[in-house]
Amino acid sequence: MKITDIETYVLLADNYDPSLTSSAQDTCLVIIKTDEGIEGYGECDTSPWVAKAFIESPGTHTMDQCVKEILIESDPLDIENLWSKIYIGTAMTGRRGAGVNAISAIDMALWDIKGKYENKPVYQLLGGKVHEYITPYASLQPLGSSFEEYRDSLVEWAEKARNLGFKAVKSEVTMNGPYAHNGMKENDDKHTLVLEAVRKALGKEIKLMVDVQYKWKTADDALRTVKDWAEFDIYFLETPVWTDRLDDYAKMHDEAPMKIAAGEWLTTHHEFEDLIVKGKIDVAQPDIGRVGGLTEAKKVSSIVDKHKRIIVPHCWKTSISISATAHFAFNTPSCKYIEYLPPQLCHETLRKELADEGFEFENGLIQLPTKSGLGITLNTDAVKKYTVS
């Protein structure tokens, strides 16, 4: 079998809002075609225009080759070798960041092809199941532009998540900092009040994670507030400070009353090793659509196991990435939860329309996938409707 074409599409929801911190409003969809009629689907979580350019731009020398040309006529089942050929052949541009993000979409599509070719779900190709089911957490982002609207929106989402049967919830609590919701500038005490309201709405039985989206500049700034959050029984606190501040993460690990999570933006297992060893994070959050795909996520898993940490994959995207994340989770011993953007609890159009995910969600749990490949069904009408480049 050989690859005959790679199609890349920039999709943008017609109701996107640039003031939101939501990358699920756009995507770079990659479709890899073969001479046996099998197609693989993948996507990445970065600027879709940049990812498309990375894949399609012509190469001019050996350190910056054309990704599409590397892939054409290659064996799509030779995934590890193709990953290395692209990574080495584009190293000047793509060694980290958006280049690796784009490789993630390609890698995802190649695993989809291999699963369809062998008539097996991708988790089986990765080594088989180590869990009977996966517990997703409902990831909640509120609406509103005032403290009251923000708090009430999160409480409403939390109650809906509880009623849908979710056993875990992650709440954004970001009314200040570089990614403050709608430019809000509320103090830390207001964040505590929001968290108190969300915990009350959920009750004591549901696990609660909190994402403050790099709100504080230093660990000392963060600890002044989060030391008082012990009463809310938070499973983990996500990205309290900028990811590059490894010493601050180490201090958070030592002094915060909850687990510390980070890694949503990282590319390759090399960056995760630094974050785990030097930053001492408790919960690693590789995003399959950013880290380098399933191939690279498996290497992150090995580092996590070595250092006795936990993996909770990040995924704020469409059913394509969510399905890939579920397959990864079923094969990952250290995976306790995965992020899940419920279509009933979000306004992101592409999450609702682009594809049907390749698993069943029952009683608050993701059931073992049974379809070949990633198992997704692509909505071609949505691809046509939302393609802008």
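Everything below is about the structure shown above.
Cut-offs applied
- Residues numbered from 1 in each chain as written.
- Predicted model: local features only at pLDDT ≥ 70, side-chain atom pairs only at ≥ 80, totals over all residues.
- Heavy atoms only, no water.
- Helix = DSSP H or I, 4+ residues; strand = E, 2+ residues; numbered from the N terminus.
- Rg over C-alpha atoms; globule rule 2.2 N^0.38 Å.
- Buried < 20%, exposed > 50% of the residue type's maximum accessible area, 1.4 Å probe, protein only.
- Contact = heavy atoms within 4.5 Å.
- Areas by Shrake-Rupley, 256 points an atom, 1.4 Å probe, with all protein chains shown as cover.
- Lys, Arg positive; Asp, Glu negative; His and termini not counted.
- Charge placed at Lys NZ, Arg CZ, Asp CG, Glu CD.
- Pairing = 2+ DSSP bridges.
- Axes fitted to C-alpha atoms, helices over the stretch in contact; angles between N-to-C directions.
- Expected span 1.5 Å × (residues − 1).
- Patch = residues over 30% accessible without salt bridge, like charges linked within 9 Å, V, L, I, M, F, W, Y side chains within 5 Å.
- Salt bridge = Lys/Arg side-chain N within 4 Å of Asp/Glu carboxyl O.
- Core = buried A, V, L, I, M, F, W, Y, C linked by side-chain atoms within 4.5 Å.
- Phe/Tyr/Trp six-rings, centres within 6.5 Å; stacked < 30°, edge-to-face > 60°.
- Arc of directions from axis to C-beta.
- Right-handed = clockwise from strand over helix to strand, strands pointing away.

Focus: the overall build of the protein
In terms of helices and strands, the protein carries 15 helices and 16 strands. Relative to the globule expectation of 21 Å for 389 residues, the C-alpha radius of gyration of the protein, 20 Å, shows essentially globular dimensions. The C-alpha extent of the protein, read off along each of the three principal axes, is 60 × 40 × 40 Å. Counting all 389 residues of the protein, 59% fall into the buried class. Contacts in the protein between residues at least 24 apart in sequence constitute 73% of all its contacts with a sequence separation of at least 6. Looking at the protein as shown, the accessible area adds up to about 15,100 Å², and 46% of this sits on carbon and sulfur atoms. Side chains of the protein carry 44 positive and 60 negative charges; the gap between the two charge centres is 3 Å.

A few points about the sheet that holds strand E3 (residues 39-44)
The strand order E1-E2-E3 describes an open sheet built from 3 strands, whose pairing is antiparallel. The open sheet has two edge strands with one neighbour each: strand E1 (3-12) and E3. Neighbour-to-neighbour, the strand axes of the sheet open up by a mean angle of 20 degrees, direction not taken into account. Inspection of the sheet shows E1 paired to strand E2 (residues 26-34) by 9 bridges, in the antiparallel sense. Residue pairing in the sheet places Tyr-9 in a bridge with Leu-29 of E2. Of the strands in this sheet, E1, E2 and E3 touch helix H5 (residues 98-118), which is tilted by about 155 degrees from E3.

Things to note about helix H13 (residues 319-330)
Its 12 residues give H13 an end-to-end C-alpha distance of 16 Å, which sits within 8% of 16 Å, the value for a rise of 1.5 Å per residue. Taking burial as the measure, the 12 residues of H13 include 12 buried ones, the bulk of the element. Among the residues of H13, those classed as buried are Ser-319, Ile-320, Ser-321, Ile-322, Ser-323, Ala-324, Thr-325, Ala-326, His-327, Phe-328, Ala-329 and Phe-330.

Focus on a negative patch on the surface
Side chains of Asp-189, Glu-196, Asp-228 and Glu-231 sit close together on the surface and give a patch of like negative charge. Among the structural elements, Glu-196 can be located in helix H8 (residues 188-202). Since its relative accessible area comes to 42%, Glu-196 is described here as partly exposed.

Describing the nonpolar core
Core analysis: the biggest nonpolar cluster contains 115 residues, and Ile-32, Val-210, Val-226, Trp-229, Leu-237, Met-252 and Leu-378 have the highest contact counts within it. Counting residues per element, this core draws most heavily on H5, which supplies 10 residues. Look past the residues within four positions of Met-252 in its chain and what remains in contact with it is Ala-219, Ala-222, Leu-223, Val-226, Leu-237, Pro-240 and Ile-260. Judged by nonpolar contacts, the second largest core, of 10 residues, contains Tyr-235, Ala-261, Ile-310 and Val-312.

Points about the packing of aromatic side chains
If you walk through the whole model with that rule in mind, you get 15 aromatic pairs. Ring geometry for Phe-166 against Tyr-340: centres 5.9 Å apart, planes inclined by 40 degrees, an arrangement best described as tilted. With Phe-166 in the loop between helix H7 (147-163) and strand E6 (168-172) and Tyr-340 in strand E12 (residues 338-340), this residue pair connects regions lying 174 residues apart in the sequence. A residue is classified by how much of its surface remains accessible, and Phe-166, at 4% relative accessible area, is buried. Judged by its relative accessible area of 4%, Tyr-340 falls in the buried class.

Observations concerning the sheet that holds E6
Taken together, the 8 strands give an open sheet; going across it, the order is E11-E10-E9-E8-E7-E6-E5-E12, and neighbouring strands pair in parallel fashion. Strands at the two margins of the open sheet, each flanked by one partner only, are strand E11 (310-311) and E12. Sitting on the sheet, H8 is in contact with E6, strand E7 (207-211) and strand E8 (234-238), with an inclination near 155 degrees to E7.

Focus on helix H11 (residues 268-277)
When H11 is considered as a whole, its buried residues turn out to be Thr-268, His-269, Phe-272, Leu-275 and Ile-276. Axial view of H11: buried residues confined to an arc of 145 degrees, hence all on one face. Close packing links the buried residues of H11 with helix H3 (79-89), H5, helix H10 (246-255), strand E9 (259-262), strand E10 (283-284) and helix H12 (293-306).

A look at the pairing of E2
Of all the 9 residues making up E2, 8 are buried; the element is thus mostly covered by neighbouring parts of the structure. Counted along the chain from E2 to the antiparallel partner E3, the turn is 4 residues long, and its residue Gly-37 has a positive phi close to 85 degrees.

With respect to the pairing of E6
For E6, the tally of buried residues reaches 5 of 5 residues, placing the bulk of the element in the interior. Judged by which residues are buried, E6 turns out to be covered on both faces: Ala-168, Lys-170 and Glu-172 on one side and Val-169 and Ser-171 on the other are all buried. As paired strands, strand E5 (residues 136-140) and E6 are joined by 3 bridges and run parallel to one another. Counterpart to Leu-140 in the pairing with E6 is Ser-171. Where E6 lies against E7, 5 bridges are found, and the strand directions are parallel. Along E7, the bridge assignment pairs Ala-168 with Lys-207. Read from E6 through H8 to E7, the crossover connection turns out right-handed.

Things to note about the pattern of salt bridges
Throughout the structure, instances matching the rule amount to 27 salt bridges. For Glu-80, the salt bridge identified is with Lys-299, shortest N-O distance 3.3 Å. Here Glu-80 is found in helix H3, whereas its partner Lys-299 is found in helix H12, with 219 residues between them in sequence. Between Glu-255 and Lys-227 there is a salt bridge whose closest N-O contact spans 3.6 Å. Within this pair, whereas Glu-255 is found in helix H10, its partner Lys-227 is found in the loop between helix H9 (219-226) and E8, the two being separated by 28 residues in sequence.

Functional significance is not addressed by these values, which are geometric in nature.
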